[in-house]
Amino acid sequence: MAYLRIATEEAYAPPELFERYRRLLEEGSTGGGGSQNDPGFASLMGFYLSAPALAKLRERMQDLGELRLADMDATGIAKQILSLTSPGVQVFDAATAVGLAREFNDSLAAAIGRHPDRFAGLAAIAPQDPAEAAKELERGVKRLGLKGAIVNSHTRGEYLDDSRFWAIFEAAEALDVPIYLHPNTPPARMIEPFLERGLDGAIYGFAVETGLHALRMIVSGVFDRFPKLGVVLGHLGEALPYWMSRIDFMHARMVSNGRYPAIGKLKRKPSEYLKQNFWVTTSGMAWEPPILYAQSVLGVDRVMYAMDYPYQFVPEEVAVTDNLPISDTDKKMLYQSNAERVFKL
Ligand code: MN
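## Let's talk about the sheet that holds strand E7 (residues 231–233)
Across the sheet, which stays open at both edges, the six strands sit in the order E4-E5-E6-E7-E8-E9 with parallel pairing between neighbours. Since the sheet does not close on itself, it has two edges, and those belong to strand E4 (123–124) and strand E9 (303–304), each with one partner. As judged from the three bridges shared by strand E6 (residues 179–181) and E7, these two strands associate in the parallel manner. Note that in E7 the partner of Tyr-180 across the bridge is Val-232.

Structure representation (structure tokens):
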């Protein structure tokens, strides 16, 4: 084989995380800490933690050993970049989340240490406490050898473009590691029309919410302030690459007509941040046309392979990627060398 398949958005869950999610659900305090409830969390984890049909998925999720390695072998995956499943620690109160992130990062690093050729990982952080999140990212990278941070989109309804979160970006920029902005269900103030039709999850709601988050970061000027910040989006960029021309056009128009105080002049066009500060992965999108499209508009150096194991563990999908009508060099970038460069493997 001319390349190694590195899968870049692969989920795991420590048993303790599931126990704590169950407790949140029982208490009806999802999103917790007094704040009430997060219907997206209740919808997602209420199902994933109890549906009998998902017993195997739950087992796969919690395994960082033989079961996972056997699945990787069966599908020809050389290495997984592991991240704590959505919504990670972001539904807990700040103190709990900070403690859990540390604990989970330690155990993740230990699992990677047992199979360093097969696993790498991203640090879980608790944006609820931005200073602690920045510290944990630094500890995760420098002491534990983790390769960046996973942020499961909004944290209790809050978005990272708020300056109170910027300590996280300062740390990521200083460490020169990416932030993987992974989906979460839409927050309470957004989710109702999705829930009514069962569209809040991976079918569509994830992409809408996470694409919105990334676009908020772009238009708020986060990347003018942190020009070296790198963000990874799954699902081929959560639809944003398809929208680039319209976003650029409308953004320029809104800057000139002054419609919104929140829309101000940026140093670059919105699409240029997408091309220069983001990478996208193919998680859950094993389909030739959009993969080729993303490569063509973002550049072949900006698209990486991901499986989204174990949520979308469909062995046949690897063949879709294997059979893409692209050169061997481009295929190696997609599967291997982009991930090696972005995550410094
Ligand atoms: Mn995922």
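From this point on, the discussion continues.
## Observations regarding the nonpolar core
Tyr-21, Val-89, Phe-92 and Met-307 are the most contacted members of the largest nonpolar core, which totals 46 residues. For this core, the secondary-structure elements that each account for two or more residues are strand E1 (6–12), helix H1 (15–27), helix H2 (39–48), helix H3 (55–62), helix H4 (66–75), strand E2 (79–84), helix H5 (94–114) and E4. The biggest single contributor to this core is H5, with eight residues. In contact with Tyr-21, not counting residues within four places along its chain, are Phe-41, Met-45, Leu-49, Thr-85, Ser-86, Pro-87, Gly-88, Val-91 and Phe-92.

## Description of helix H6 (residues 130–142)
The end-to-end C-alpha distance of H6 is 18 Å, a good match for the 18 Å that 13 residues give at a rise of 1.5 Å each. Within H6, the full set of buried residues consists of Pro-130, Ala-133, Ala-134, Glu-136, Leu-137, Arg-139, Gly-140 and Val-141. Against the buried residues of H6 lie H5, E4, strand E5 (149–151) and helix H7 (166–175).

## Remarks on the coordination of the manganese ion
The manganese ion binds to the protein through Glu-9 (OE), His-182 (NE2) and Asp-308 (OD); the donor distances cover 2.0 to 2.3 Å. The sequence pattern describing where the donors of the manganese ion fall on their chain is E-x172-H-x125-D. Residue Glu-9 is found in strand E1, and its partner His-182 is found in the loop between E6 and helix H8 (188–195); the two are separated by 173 residues along the sequence. The class for Glu-9 is buried, based on a relative accessible area of 1%.

## A closer look at the layout of surface pockets
Its volume calculated, the largest pocket comes out at about 580 Å³. Together, 27 residues line the largest pocket, and Gly-201, Ala-202, Ile-203, Phe-206 and Asp-308 are the ones closest to its centre. Listing elements by their share of the lining of the largest pocket, those giving two or more residues are H2, helix H9 (205–219) and helix H11 (235–238). Per-element tally for the lining of the largest pocket: the top contributor is H2, with five residues. By residue class, the composition of the lining of the largest pocket is 13 nonpolar, 10 polar and four charged. Considered as a void within the structure, the second largest pocket measures approximately 500 Å³ in volume. Lining of the second largest pocket is provided by 18 residues; of these, Leu-212, Leu-215, Leu-240, Trp-243 and Ile-247 occupy positions nearest its centre. Those elements giving two or more residues to the lining of the second largest pocket turn out to be H9 and helix H12 (240–257). Across the lining of the second largest pocket, the residue classes break down as 13 nonpolar, two polar and three charged.

## As for empty space enclosed by the protein
Scanning the entire structure with this criterion turns up three cavities of 30 Å³ or more. Forming the boundary of the largest cavity are Thr-282, Ser-283, Gly-284, Met-285, Ala-286, Tyr-305, Ala-306, Met-307, Val-314, Glu-317, Val-318 and Thr-321. Taken together, the residues of the lining of the largest cavity break down into seven nonpolar, four polar and one charged.

## Side note on unusual backbone geometry
A negative phi angle characterises most non-glycine residues, just as the trans form characterises most peptide bonds. The omega torsion across Ser-86 and Pro-87 is 0°, close enough to zero to call that bond cis. Following the sequence through the fold, Pro-87 ends up in the loop between E2 and H5. In this model, Tyr-309 is joined to Pro-310 through a cis peptide bond whose omega is -5°. Residue position: Pro-310 is located in the loop between E9 and helix H15 (317–322). Phi is positive for Arg-156, close to 50°, though the residue is something other than glycine. Structurally, Arg-156 can be placed in the loop between E5 and H7. For Arg-156, a relative accessible area of 32% gives the class partly exposed.

Criteria and cut-off values
- Residues numbered from 1 in each chain as written.
- Predicted model: local features only at pLDDT ≥ 70, side-chain atom pairs only at ≥ 80, totals over all residues.
- Heavy atoms only, no water.
- Pairing = 2+ DSSP bridges.
- Helix = DSSP H or I, 4+ residues; strand = E, 2+ residues; numbered from the N terminus.
- Core = buried A, V, L, I, M, F, W, Y, C linked by side-chain atoms within 4.5 Å.
- Buried < 20%, exposed > 50% of the residue type's maximum accessible area, 1.4 Å probe, protein only.
- Contact = heavy atoms within 4.5 Å.
- Expected span 1.5 Å × (residues − 1).
- Donors = N, O, S within 2.8 Å, 3.2 Å for Na, K, Ca; no water.
- 1 Å grid on protein atoms, 1.4 Å probe; cavity = no way out; pocket = protein on both sides within 12 Å on 5 of 7 lines; lining within 4 Å.
- Points joined across faces, edges and corners; volume = space filled by probe spheres on them.
- Nonpolar A, V, L, I, M, F, W, Y, C, P; charged D, E, K, R; others polar.

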